[in-house]
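This is what each chain is made of:
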Amino acid sequence: MPGLLFVHGWGFDPDFWTPVRSALGRADGIDLDFGFFGPERMAARPARPFVAVGHSLGALWLLRHRPERCIGMVLINGFARFSAAADFPPGVPPRVVGRMIQGLEQNPDDVVLTFRRRAGIAAGLPGPAQAGRLAAGLAMLRDEDARPALDERASSAILPPMTVLAGQDDPIVTADMTRASFSTGMPIEWVADGGHLLPLTHPDICAATISRMTQRSRAA
């Protein structure tokens, strides 16, 4: 059975994956941690070939930093580019991300809480917001573009099998942004009533998608 690697999104920590882990019924798996509320832990990897699961920023990070021995990816509420550009109009205007970075200098907790409420969660923060690492995460959202890697995948086997799981009612990553990110023909599985926090609101659907990818990767 392939291992599992989980990468959370901006404004969250590894506890974000607890409902999905429970639905999977697996005690194994490694969580990476951007360190938005505590120490950063981004170096660990499963000892055997694994399926990588990323949410939002975590999905972008996986596309840009595909780990060795990764044999499949599940990208949840993910995207290949976040900020708008001339060739990516559905993205978020870079000035919006820039204002969030500036706000972190004054009151990082408020910036993160505002984002989390917009994403669909009213719970308090899991710890004190780490402004520097949160700003670095926002800079990734503003600057990174994984579409060239996906273009290469369309013409070669450079990247492993991937599945995109998206919410049709996602207030952060719109359906247009999702389609524009994965316009090379990558399959998108839509959750009709899903928002931006599918691992919290639809953990069973996320777990089923991950299980299908592990079975597919194992067979391959």
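Remember, predicted model here, so these are calculated numbers, not experimental data. (Residues numbered from 1 in each chain as written. Predicted model: local features only at pLDDT ≥ 70, side-chain atom pairs only at ≥ 80, totals over all residues. Heavy atoms only, no water.)

Here's the deal with the packing of aromatic side chains
(1) Moving on: On inspection of all chains with the given rule, the structure shows 7 aromatic pairs.
(2) Moving on: Geometrically, the ring pair formed by Trp10 and Phe115 is edge-to-face, given 5.2 Å between the ring centres and 85 degrees between the ring planes. Here Phe115 lies in helix H4 (residues 108-119) and Trp10 lies in the loop between strand E1 (3-7) and helix H1 (18-24), a separation of 105 residues in the sequence.
(3) Moving on: Look at Phe115 and you get buried, because its relative accessible area is 13%.
(4) Moving on: With a centroid separation of 5.5 Å and an interplanar angle of 80 degrees, the aromatic rings of Phe16 and Trp17 are classed as edge-to-face. The residues Phe16 and Trp17 share a single accessibility class, namely buried.
(5) Moving on: Following the ring pairs from residue to residue traces out a cluster consisting of Phe6, Phe12, Phe16 and Trp17. (Phe/Tyr/Trp six-rings, centres within 6.5 Å; stacked < 30°, edge-to-face > 60°. Helix = DSSP H or I, 4+ residues; strand = E, 2+ residues; numbered from the N terminus. Buried < 20%, exposed > 50% of the residue type's maximum accessible area, 1.4 Å probe, protein only.)

Digging into unusual backbone geometry
(1) Moving on: You will see that Ser56, though not glycine, has its phi angle at about 55 degrees, which is positive.
(2) Moving on: Overall, the relative accessible area of 5% leaves Ser56 in the buried class.
(3) Moving on: A positive phi is found at Asn77, a non-glycine position, where the angle reads about 50 degrees.
(4) Moving on: Position of Asn77 among the secondary structure elements: in the loop between strand E4 (70-76) and helix H3 (94-106).

Quick notes on the nonpolar core
(1) Moving on: Counting residues in each nonpolar core, the largest one holds 66 residues, and the members touching the most others are Trp10 and Leu63.
(2) Moving on: In terms of residue count, the dominant contributor to this core is helix H2 (residues 57-64) (6 residues).
(3) Moving on: Ignoring anything within four residues of it in the chain, the contact list for Trp10 reads Phe36, Leu57, Met100, Val111, Val112, Phe115, Leu134, Gly137, Leu138 and Leu141. (Core = buried A, V, L, I, M, F, W, Y, C linked by side-chain atoms within 4.5 Å. Contact = heavy atoms within 4.5 Å.)

What to know about the pattern of salt bridges
(1) Moving on: Here the structure, examined in full by the defined rule, presents 11 salt bridges.
(2) Moving on: Between Arg41 and Asp33 there is a salt bridge, with the nearest N and O atoms lying 3.5 Å from each other.
(3) Moving on: The class of Arg41 is partly exposed, set by a relative accessible area of 44%.
(4) Moving on: Relative accessible area serves as the criterion here: at 7%, Asp33 is assigned to the buried category.
(5) Moving on: The shortest N-O distance in the salt bridge between Glu189 and Arg212 comes to 2.9 Å. With a gap of 23 residues between them, Glu189 in strand E6 (residues 188-191) and Arg212 in helix H9 (residues 203-219) connect regions that are remote in the sequence.
(6) Moving on: The partly exposed category is assigned to Glu189, whose relative accessible area is 27%.
(7) Moving on: For Arg212, a relative accessible area of 44% puts it in the partly exposed group.
(8) Moving on: Put simply, Arg81, Asp87, Asp145 and Arg147 are held in one network by salt bridges that share partners. (Salt bridge = Lys/Arg side-chain N within 4 Å of Asp/Glu carboxyl O.)

Considerations on the sheet that holds strand E2 (residues 30-32)
Each strand in a sheet pairs with its neighbour through backbone hydrogen bonds, running either in the same direction (parallel) or in the opposite one (antiparallel).
(1) Moving on: Spatially, the 6 strands line up as an open sheet ordered E2-E1-E3-E4-E5-E6, and their pairing is parallel. The strands lining the two open edges of the sheet, one partner per strand, are E2 and E6. Averaged over all pairs of adjacent strands, the angle between their axes in this sheet comes to 20 degrees, without regard to strand direction.
(2) Moving on: Bridging between E1 and E2 involves 3 bridges; their strand directions are parallel. Residue pairing in the sheet places Phe6 in a bridge with Asp31 of E2. (Pairing = 2+ DSSP bridges. Axes fitted to C-alpha atoms, helices over the stretch in contact; angles between N-to-C directions.)

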